Amino acid sequence: AGANPCNPCAAKNACNPCNPCAAANPCNPCNPCAASAGLSDKCAVPRLASAAACNPCAAKKTANPCNPCAAKNPCNPCAASNPCNPCGAGAASVEITGREADTAYNCLKADIVATYSKGGMAQIKNYTNWKIFNSASYLAETHGGRYLNNYANAVAASTYGQYDKVEKMPVGSVLVKDGIAVNATGQTGVSPLFVMEKMKAGFEPSAGDWRYTMIMPNGTVVGTTKGKGSASVKFCAACHAAGADNDFLLFLPEELRIQG
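Residues numbered from 1 in each chain as written. Predicted model: local features only at pLDDT ≥ 70, side-chain atom pairs only at ≥ 80, totals over all residues. Heavy atoms only, no water.

Asks: Explain the pattern of salt bridges here, please?
Replies: Charged atoms that come close allow side chains of opposite charge to pair. Under the defined criterion, the tally for this structure stands at 5 salt bridges. Of the charged contacts in the structure, one is a salt bridge between Glu-197 and Arg-211, with a shortest N-O distance of 3.1 Å. Within this pair, whereas Glu-197 is found in strand β6 (residues 193–198), its partner Arg-211 is found in strand β7 (residues 210–215), the two being separated by 14 residues in sequence. For Glu-197, a relative accessible area of 5% gives the class buried. Across the pair Lys-198 and Asp-247 runs a salt bridge whose closest N-O atoms are separated by 2.8 Å. In this pair, Lys-198 sits in strand β6 while Asp-247 sits in the segment after α4 (234–240), placing the two residues 49 residues apart along the sequence. Here Asp-247 falls in the buried class, since its relative accessible area comes to 5%. (Salt bridge = Lys/Arg side-chain N within 4 Å of Asp/Glu carboxyl O. Helix = DSSP H or I, 4+ residues; strand = E, 2+ residues; numbered from the N terminus. Buried < 20%, exposed > 50% of the residue type's maximum accessible area, 1.4 Å probe, protein only.)

Asks: Help me understand the packing of aromatic side chains in this model?
Replies: Aromatic rings in a pair are described by how distant their centres are and how their planes are angled relative to each other. For the coordinates displayed, the defined rule picks out 8 aromatic pairs. Measuring from ring centre to ring centre gives 6.4 Å for Tyr-116 and Tyr-127, while their planes differ by 45 degrees; the resulting arrangement is tilted. Of this pair, Tyr-116 sits in helix α2 (residues 98–117) while Tyr-127 sits in the loop between α2 and β1 (131–132), and the two are 11 residues apart along the sequence. Of the two residues, Tyr-116 and Tyr-127, both sit in the buried class. (Phe/Tyr/Trp six-rings, centres within 6.5 Å; stacked < 30°, edge-to-face > 60°.)

Asks: Is there a simple way to think about the nonpolar core in this case?
Replies: Grouped burial of nonpolar side chains is what soluble globular proteins tend to show. Counting residues in hydrophobic clusters, the biggest one holds 26 residues, and the most contacted among them are Tyr-160, Met-169, Leu-175, Trp-210 and Leu-249. With near-sequence residues (within four places) excluded, Leu-175 lies in contact with Tyr-151, Ala-152, Ala-156, Tyr-160, Met-169, Phe-194, Val-195, Met-196, Trp-210 and Leu-249. Membership of the second largest hydrophobic core comes to 25 residues, among which are Val-94, Ala-104, Leu-108 and Tyr-116. (Core = buried A, V, L, I, M, F, W, Y, C linked by side-chain atoms within 4.5 Å. Contact = heavy atoms within 4.5 Å.)

Asks: When you look at the state of the cysteines in this model, what are you seeing that I'm missing?
Replies: When the sulfur atoms of two cysteines share a covalent bond, that bond is a disulfide. Overall, the coordinates contain 1 disulfide when judged by the stated rule. Each disulfide pairs two cysteine sulfurs, and for Cys-43 the partner residue is Cys-107, the sulfurs being separated by 2.0 Å. Disulfide Cys-43-Cys-107: torsion about the S-S bond near -70 degrees, hence left-handed. Taken together, the positions of Cys-43 in the segment before α1 (46–52) and Cys-107 in helix α2 put the pair 64 residues apart, joining distant regions of the chain. Residue classification places Cys-43 among the buried positions, given a relative accessible area of 4%. Given the relative accessible area of 39%, Cys-107 is considered partly exposed. Distance from the sulfur of Cys-239, which forms no disulfide, to the nearest cysteine sulfur (Cys-236) is 8.0 Å. Here Cys-239 falls in the partly exposed class, since its relative accessible area comes to 30%. (Disulfide = S-S within 2.5 Å.)

What follows is the structure, given as structure tokens:
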């Protein structure tokens, strides 16, 4: 499928050099259409994996009678309305329960920690020992339909736990969102890591003096505010502008919040 010229998600798609579904697309490193890249059966969601066993579009269907380039083929990955299309609207928001997400997350946790450590960020060392603020992994549409977890360092914890009452986070606060990606066949993998650091006044006033960093599932730091690849994380600040009344923070669902 990856080399299929009809596949709109093909990394080498000649029809669109800035293909928004390309796994390594430099135009949008947090592209929800790229969520399926790097997923495997290692920590699969059993319920989805079982349902996919009879799916003619399943990647593991070795004797698939469907021609992926057939215009009228319901399994055609080029069909805009095709439910099997990896870039279809539902591809980035597969719904699983919090328990299923947590089970997969715990299964992948060693891989998650090892992957992010490759980024070399001293600020997030041992972040999984920090206070976690969600009672279960939650679906974050604004982060590519991944299932995330929110951690805060000791400087940030007591203030961050006030949620909608937060007015200003202390300098030195570090917030981390890690998690997993999942596809319709139950395969899971490491999500990008999203990091926010509260810098000294004047660092970036228009963004509340937050520094954003994103580490990809292969351990590559794709960008840091005012650092290498800064253009790649501008969308982080743009999105968080919606939370300007709470020091540019956007919070997880109320029913899953753990108080600080």
